Amino acid sequence: MDLSHYLRIQAHANHLMNQRLARAMQGLTAPEFQAPRVGFFPSLAATLGHILEVDLFYVAVLEGDASARRVFETFRNPETLADWEAAQRAVDLRLIDFCARLDAAGCDAAVHIPRADHVQVDRVAHLLAHLFMHQTHHRGQVHAMLSSTGVAPPQLDEFMMPSEAHLREPDMAALGWREAQVYGQA
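In what follows, the accompanying structure is described. (Residues numbered from 1 in each chain as written. Predicted model: local features only at pLDDT ≥ 70, side-chain atom pairs only at ≥ 80, totals over all residues. Heavy atoms only, no water.)

1. Some remarks on the environment of Q26
Here's step 1: You can see Q26 is positioned in the loop between helix 1 (3-24) and helix 2 (30-34).
Here's step 2: Note on Q26: relative accessible area 48%, which makes it partly exposed.
Here's step 3: Spatially, the C-alpha atoms of Q26 and L156 are 16 Å apart, while their sequence positions differ by 130 residues.
Here's step 4: Apart from residues no more than four positions distant in its own chain, Q26 is found in contact with L81 and E85.
Here's step 5: Within polar-contact distance, the side chain of Q26 engages the side chain of E85 at 3.5 Å. (Helix = DSSP H or I, 4+ residues; strand = E, 2+ residues; numbered from the N terminus. Buried < 20%, exposed > 50% of the residue type's maximum accessible area, 1.4 Å probe, protein only. Contact = heavy atoms within 4.5 Å. Polar contact = N/O pair within 3.5 Å; in protein donor to acceptor, adjacent residues only side chain to side chain.)

The following block contains the structure:
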């Protein structure tokens, strides 16, 4: 498997895990979604909002949007779980679409990341690795926060193994995905 294929799998895994979280949290009330919790960010809404904000920024950077930094000026945390889910789904699908077009040259291409006081230059694959790690890190915090609610935290860590298809098959079918589409032919 080449790096671009691996990154496509990661983009799909990201979306599937966000959908699992959204489905699991359907049982939360609006006050529970906003309630103070122990974590780096003080609530489920704030933690999910942080993931969304960073995703919006980095996906805009990857797409070559010169105004990507405006995300930090205009972003507001989602008020409701439905608001978060819709916005997260949209950016997840943009990320999947970006990764679907990647090849070896695209993975190695320079990407310009506008920071507050400079423009950071890195490789696309490095930015994507950072983004996927960021998402995983903060979804873990959401998972821990859910442990203090009446919602059972969903399974979030078996997507990457082709041999565990049976564990994700219903989720993938619900998203209209097939194993061969995501993993390629065996």
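Additional details are given in the paragraphs that follow.
2. Here we look at the pairing of strand 1 (residues 110-114)
Here's step 1: Both strand 1 and strand 2 (residues 119-123) contribute to a ladder of 5 bridges, which runs antiparallel. Its bridge partner being in strand 2, I113 is matched across the sheet by Q120.
Here's step 2: The turn joining strand 1 and strand 2, which pair antiparallel and follow one another in sequence, is formed by 4 residues. (Pairing = 2+ DSSP bridges.)

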